[in-house]
Every structure is written in C-alpha cells, then in structure tokens.
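Remarks on the overall topology
Next come the chains, spelled out residue by residue.
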Amino acid sequence: MELDVFNNLATGFAAAATLQNLGYALLGALLGTLIGVLPGIGPIPTIAMLLPITFGLSPLGALIMLAGIYYGAQYGGSTTSILANMPGEASTIVTCIDGHQMARQGRAGAALGVAALGSFFAGCVGTVFIAAFGPPLAVLAQEFNSPDYFSLMVLGLVTAVVLAHGSVAKAIGMVLVGILLGLVGLDTNSSLPRYTFGISAIWDGIDFLPVVIGMFGIVEIIRNLESRDLHRVPVGARLRDLWPSMKDFRDSWPAVLRGTGLGSLLGILPGGGAVLAAFASYTLEKKVARDPSRFGKGAIEGVAGPESANNAAAQTSFIPLLTLGLPSNAIMALMMGAMIIQGIEPGSAVMTKRPELFWGVVASMWIGNAMLLVINLPLIGIWVRLLSVPYRLLYPAILLFSIIGVYSTNTNVAQLVITAVFALFGYVLLRVGCEPAPLVLGFILGPLMEENLRRALVMSRGDPSIFVERPISATLLGLTVALVALIVLPQIRKTREKAFQE
Amino acid sequence: MPRVRIKNPQDFGAAAMFVLIGLAGFFLGGDLEFGTASKMGPRYFPGILSLLIVALGLGLGASSLAVKGPRIEPVQLRPVAVVIGVVLLFGYLLDIVGLALSTMILTLVAAFARREVRIVESLLLGAGLAIFVVVLFVYALSQPLPAWWGAP
C-alpha cells in the first residue's frame, strides 16, 4: 500500500514534470498571484478570469496551470490580507487578524514568510494525503449508487449552509435558488426546455462563468467603489526582513503541524474546504495557546496555523471531486467546470481509466506549491508595489479582464448580458444580506441532484424509504440530521456566531 | 389596532425576493408535466423546489416582523449603473469596433463610476490596456476576438 502511494506519485511526476508543464505551473502561479494580490479579488473571480487562458492547452497542462492559478490566487490573497488588511475572500479573513497586526509592528516579512513556508509544508502533506486516501475512497465511490449520491449532495449543501456567514435561513434559500437556477435549460429526461423563455443562449443551461463573474467579480468592484474606505495604504515590507527569525520558527512550527492536520481532514468533508479549515485552525490555536490574549495583537501562530490549514484543505478538497465527481465548495465547482470543458468527466473513472491524468494533477499540486515558494519569496517586493496602485486605476482593468474572460469562453455577446443580469442580482443579494457562495454550490449540484433523485426513485418505484434503507445513504443522511441538530441547538449556535465574529 | 412594522428590513427584502423567485419558478414552468415520484416529469423537481423557496420566504418574512435586524443600505446608483452598463456596452461594441477601441471606451466610461473623473489619466490607461489586451488575447493567446472593426 505504502509502496503504491509512491509508485503512483512517481507516475504523476513523470507525467506532470515535463518542461512545458512546469512552465504552465509557473505561469499559472505567477498570474494567479498577480490577480489574487489585487485588493478585493478572491480565488473565485481570479480562477474564473484566468480560466479562458487554459482552453488551448492539453487537459493535463490546463489542469496543472489551473492548480497553479488557484494556489497563486490564495497566496496572493494572504499577501493582501497581511499588508493591506483587505481580505479577498472568506478564507483569508482570519489571516487579516494577526497578520496585519504583525505588519503594523514591522514584521510583515516574517508573517509573509511563515505563510509561504507553512503553506508549502501543508501543500506537501496534502499531496501525500490525496495520494494515500484517493484510491481507497475511489474504491468506496464505486459502491455509490444514485440514492447515495443524492444523500451525499444533501450533506454537502447542508454543510455549506452551516458554514455560511449570517442567517441560516437565508443560506438555505440561496442554496435552493442556486439549485433552481441550475435546472434552467433542457431537461435531460424529457428533452423539454425549462425556464428558457426562448433564449437560445441558455438552452443548454446557464453557463457557470457569467454567473460567477457577475456575482463575485463585478459585484465586488461595485462594492469597493461604494465604500469610501478605498485608500488603505499597505504597510511596506522590506525584503531583507522576509525570513522569519529562529524564534518565529520555534513559535510557529507546532501551529503549522496542527493547521496542516486539521486542514487535511476538514478539506475532505463535503461543504468543507479552505474557509472552514482556516477558521477552525484559528480557534484551535487560540485554545491551545498559553497566553490567548496575544491573539489579535500579532501572534505568529494566528498566521501560521490558518495559512497552513487553508492550503492543506485546498489540496484535500480535490479528493471528493476526483473520486466522486462532486465538488465540495465553489472553487471545486469551478475546477469541475474546467475539467468538463477539457472533456474530462470528474469521478472515480478518471483514476482507473486515465491514471496519468489523475496522478499528474496530484503531482502538479505539489509542483504548484513549490512554484509559489520559488516566485513569492523573491517577488514579494513587486506584489507590495502592485498593492500601492490606486484602486481608480485598477478597477477598469479588473472589469476589462472579467468581461474578456466571460466573452472568450464561447464568444457570445449574450454571455455578457447574462453577466450583467447576475451582477445586478448579486448586488441585490448584497443589499439584503445574502451570501452568494451557497448559491454557486447549489447551481452546480442542481442538475446532478435532480438526476440522482430521479434515478433513485425509479429504482424504488417512487418509494422514498430507499434513502434510509441503503447503508451509505442512511449514514450520510444521519450525519446531515446530526449537523442540523447541532445548529438548531441554541448553545452551539451562539458559539458559531461568536466564531464568525472574531 | 396594532400596526405591523418591519423590524428587520434586510430579512424582509430577502424574504420578498425568495417569494418572488419561488412563485416565478412555480408558475413559469406551468405548461410542463409534473409527473409522479416514480416517473418524475420535467416540472416535478423544480416545482417542489419552488414551493420550498416560497415557504422559506414566508417564514423569513414572518420572522422579519418580529426580530430586529439591520437596515438595507441605500443604493448608490452611480457605481451600479456605470459598472453594469459598461458590461453591456462592451458586449454591444465589441463586434462593431473591435477589442482595441472597445477597451478604450470601456476605460473611459468606467471612470464615471467615481465622482472625480480624470479624463487624461483614463485615456492613457485605456490606451495602455488596449495595447496589452490586444497583444495578449488576440496575438499571444489567439482568442477569437476581433482586434479592430470589420475583422471577421
């Protein structure tokens, strides 16, 4: 078994580590960081914006580049959080707390260095984790039938709801609306159009990219333009301070270890991923610290733990996608979209039928992380300078790249109209305090849910008890019920609110 | 008579939105077949989903009358209209005048999303971006974008 892991990884590295693919990984990490470091742009719009660049590449090359873009975007977001206290997305909010305090105390370099090294270590562990647990899970995945898939998706969506900020009711609503939007287009079973209103552009369903770019990218620009707080001057980082001191190392390595372990585990959960991991790790570090009052005032563990955790989770959240074909969060949904565009149907078949692709992707994750370390430590000065570019010069460029990204996926002007519609929708959501991330997950899972529900009920001739009679499905639904019970219990609900306020 | 007051405007707005979306989902699929659980028609799943959304909206609406919550921040029309307008304008212009000019126009119009407009700066930025995107997308990545007007 252990030998297998390394044999498999060797296959992957042989496929991934060609000069060309290394070039793609480097370019992806570079571009991902470049866009991700821009204030207010998280990994989701970054990946969406850069996705079209990968269309012309081979499937493996494209996935390698995307992995690079993803890690780059995440690291770029951390940089912005530490230096300018502007989180691009939820998983780096935690990094802002102590990271920015460190920066204000003149220790930006140490914070950035620890974030990079912790992320790299977590990335390595995460890669081995996937290599070790991917195959057994893929075997388990072959036992999955329609009812089990349906129950797993229910569990994933409920988890996403629990993790969303703010009102649980609104998050459930967002998931349901997302599923409904996902059903627009031809019904696979009857071949009848649903909710298309005779518009040919949405005949095959609403495309993913206009939805994401509209609701995340464009709305984020509007939101930044609305707020007066645009002139946050980033704290400078001197290059020579970049290496953390011996004391920093001593303080942070246990946090890195804990964050990596926690993140690797939480990343596999459906609905989990980088955000959950980062929050959980911060809470854990605060709990185990000898002096918890240091947190919020520049504790290096508060950077090292969450940064490692979110990167480990970013890796292992590929496991459900690659073995079951189910994305567990919005970013994995994007990755799934990219795979489908490349003609790869994610699922256990990828591992058995195209092992070089599967293991190549796994290997490329490690390569992507290594690239990050290589480019970020020397290039940090450039990212800092980029951060000081005023927003009035940045937003037209961000807007332009978003639009071109949407347009070039299928060169249809109608896509831009859809983008505008979803931007407006996203703005309404912002005003009424609804978070769009659960909607995106529902949007992707909607058609799959309907299909599996339909098949399950055909199997049982309309009897819903099939969902509790099959052991896998029953276990998953049991977990879902337990989770719901957890959030309904007021005591735990209070702690949850507290955790998100921190 | 006690007057009903909205104590949580944000939730009330969200509730209204959910009810509208749910009703639309339910009634716009009206001509499709509903079917039964063992033979689901095209309307079965979206129909049930829409009713769930309506029910959730009604519940949220009721709670927004009872529990206090945040107000809805006023909409700032300028950035919303300009940014979304630019997306549509770009789509309209691209096939007519090509990527380079569309980019220049986008940059210039987008500048009006803020109160202080600096025309010269925007023109320079537009020119720079136009060169960059034409070189990157049209020549380097050979994306199917027309660089100039009249291009196929």
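Just so we're clear, the structure is a prediction, and the values are computed from it rather than from any experiment. (Residues numbered from 1 in each chain as written. Chains lettered and ligands numbered in written order. Predicted model: local features only at pLDDT ≥ 70, side-chain atom pairs only at ≥ 80, totals over all residues. Heavy atoms only, no water.)

Here we come to the overall build of chain B. Summing up its helical and strand segments, chain B has four helices and zero strands in all. Seen in sequence order, chain B has helices and strands lined up from the N terminus as α-α-α-α. Here the C-alpha radius of gyration of chain B, 24 Å, is well above what a compact globule of 152 residues would show, namely 15 Å. Seen through its principal axes, chain B has C-alpha atoms that stretch 60 × 50 × 20 Å. A burial count over chain B gives 43% of its 152 residues as buried. Contacts in chain B between residues far apart in sequence, at least 24 positions, make up 62% of those at least 6 positions apart. Surface summary for chain B: the accessible area is close to 8,300 Å², and the carbon and sulfur share equals 71%. Separation of charge centres in chain B, based on 11 positive and 7 negative side chains, amounts to 14 Å. (Helix = DSSP H or I, 4+ residues; strand = E, 2+ residues; numbered from the N terminus. Rg over C-alpha atoms; globule rule 2.2 N^0.38 Å. Buried < 20%, exposed > 50% of the residue type's maximum accessible area, 1.4 Å probe, protein only. Contact = heavy atoms within 4.5 Å. Areas by Shrake-Rupley, 256 points an atom, 1.4 Å probe, with all protein chains shown as cover. Lys, Arg positive; Asp, Glu negative; His and termini not counted. Charge placed at Lys NZ, Arg CZ, Asp CG, Glu CD.)

A:Phe318 and B:Phe18 are the most contacted members of the largest nonpolar core, which has 189 residues in total. A per-element tally of this core places helix H16 (residues 355-387) of chain A first, with 17 residues. Residues A:Phe279, A:Tyr282, A:Phe295 and A:Ala299 belong to the second largest nonpolar core, which totals seven residues. (Core = buried A, V, L, I, M, F, W, Y, C linked by side-chain atoms within 4.5 Å.)

Moving on, we come to unusual backbone geometry. Residue and element names in this part refer to chain A. Residues other than glycine seldom take positive phi values, yet Tyr195 does so here, at roughly 50°. Among the secondary structure elements, Tyr195 is positioned in the loop between strand E2 (193-194) and helix H9 (208-226). On the basis of relative accessibility, which here comes to 12%, the residue Tyr195 falls in the buried class. In this model, Arg461 sits at a positive phi of 55°, which is unusual for a non-glycine residue. Classification of Arg461 by relative accessible area gives exposed; the value is 73%.

Take the packing of helix H18 (residues 413-431) of chain A against helix H1 (residues 9-28) of chain B next. Describing two packed helices takes the angle between their axes plus the distance from one axis to the other. Running from N to C, H18(A) and H1(B) cross one another at 140°; their axes reach a closest spacing of 9 Å. Here H18(A) is positioned oblique relative to H1(B), judged by the angle of their axes. Counted together, A:Phe425, A:Val428, A:Leu429 and A:Arg431 of H18(A) and B:Gln10, B:Met17 and B:Ile21 of H1(B) form the full contact between these two elements. Of the residues in the contact of H18(A) with H1(B), the class split is five nonpolar, one polar and one charged. (Axes fitted to C-alpha atoms, helices over the stretch in contact; angles between N-to-C directions. Parallel < 35°, antiparallel > 145°, perpendicular 65-115°, else oblique. Nonpolar A, V, L, I, M, F, W, Y, C, P; charged D, E, K, R; others polar.)

This next bit is on the side chain of B:Thr107. Looking at where B:Thr107 falls in the secondary structure, it is placed in helix H3 (residues 77-110). Leaving out residues up to four positions away in the same chain, B:Thr107 has contacts with A:Pro396, B:Ser122, B:Leu125, B:Gly126 and B:Leu129.

Let us now look at the packing of aromatic side chains. All names here are of chain A. Tallied over the full model, the rule gives 15 aromatic pairs over all chains. Arranged with centres 5.9 Å apart and planes meeting at 75°, the rings of Phe13 and Trp366 form a pair that is edge-to-face. Taken together, the positions of Phe13 in helix H1 (residues 2-16) and Trp366 in helix H16 put the pair 353 residues apart, joining distant regions of the chain. A relative accessible area of 31% means that Trp366 is categorised as partly exposed. Relative to Phe467, the ring of Phe150 lies with its centre 5.2 Å away and its plane at 45°, an arrangement referred to as tilted. Taken together, the positions of Phe150 in helix H7 (residues 146-163) and Phe467 in helix H20 (residues 466-469) put the pair 317 residues apart, joining distant regions of the chain. Here the two residues Phe150 and Phe467 agree in accessibility, since each one is buried. (Phe/Tyr/Trp six-rings, centres within 6.5 Å; stacked < 30°, edge-to-face > 60°.)

This next bit is on the interface of chain A and chain B. With 62 residues of chain A in contact, the opposing surface of chain B contributes 61 residues. A buried area of about 5,300 Å², summed over both sides, lies between chain A and chain B, and 79% of it is on carbon and sulfur atoms. Linking chain A to chain B there are two salt bridges. A:Lys170 is the salt-bridge partner of B:Asp11, the closest N and O atoms lying 2.7 Å from each other. Linking chain A to chain B there are nine residue pairs in polar contact (both at pLDDT 80 or more). If you list the elements that add at least two residues to the side of chain A that touches chain B, you get helix H8 (168-182), E2, H9, helix H17 (391-410), H18 and helix H19 (437-459) of chain A. Classifying every residue of the side of chain A that touches chain B by side-chain character gives 44 nonpolar, nine polar and nine charged. (Buried area = accessible area lost by both parts, 1.4 Å probe. Salt bridge = Lys/Arg side-chain N within 4 Å of Asp/Glu carboxyl O. Polar contact = N/O pair within 3.5 Å; in protein donor to acceptor, adjacent residues only side chain to side chain.)

Attention now goes to the pattern of salt bridges. Enumeration according to the criterion identifies 17 salt bridges over all chains in this entry. Its salt-bridge partner being A:Arg194, residue A:Asp187 comes within 3.7 Å of it at the nearest N-O pair. An identical accessibility class is assigned to A:Asp187 and A:Arg194; each is buried. Two residues, B:Glu121 and A:Arg392, come together in a salt bridge whose shortest N-O distance is 2.7 Å. On the criterion of chain membership, the pair formed by B:Glu121 in helix H4 (residues 119-140) and A:Arg392 in helix H17 is interchain, its members lying in two chains. Residues participating in the shared-partner salt-bridge network are A:Asp187, A:Arg194, A:Glu450 and A:Arg454.

Another aspect to go through is a nonpolar patch on the surface. Residue and element names in this part refer to chain B. Where nonpolar side chains cluster on the molecular surface, the patch consists of Leu101, Ile105, Ile131, Val135, Tyr139, Trp148 and Trp149 and spans about 750 Å² of accessible area. Within the residue set of the nonpolar patch, elements represented by two or more residues are H3 and H4. The dominant element in the nonpolar patch, judged by the number of residues it contributes, is H4, at three residues. Here Ile105 lies in helix H3. The partly exposed category is assigned to Ile105, whose relative accessible area is 32%. (Patch = residues over 30% accessible without salt bridge, like charges linked within 9 Å, V, L, I, M, F, W, Y side chains within 5 Å.)

On domain assignment, one finds that chain B holds domain 1 (9-66) and domain 2 (77-140). Of note, the centres of domain 1 of chain B and domain 2 of chain B, computed from C-alpha atoms alone, are 39 Å apart. (Domains from an automatic or database assignment.)

Another aspect to go through is the confidence of the model for chain A. Counting all residues, the mean pLDDT for chain A is 82, and 91% of those residues have values of 70 or more. Mean pLDDT across the elements of chain A bottoms out in helix H22 (residues 490-501) of chain A (53) and peaks in H18(A) (93). (pLDDT = per-residue confidence, 0-100.)

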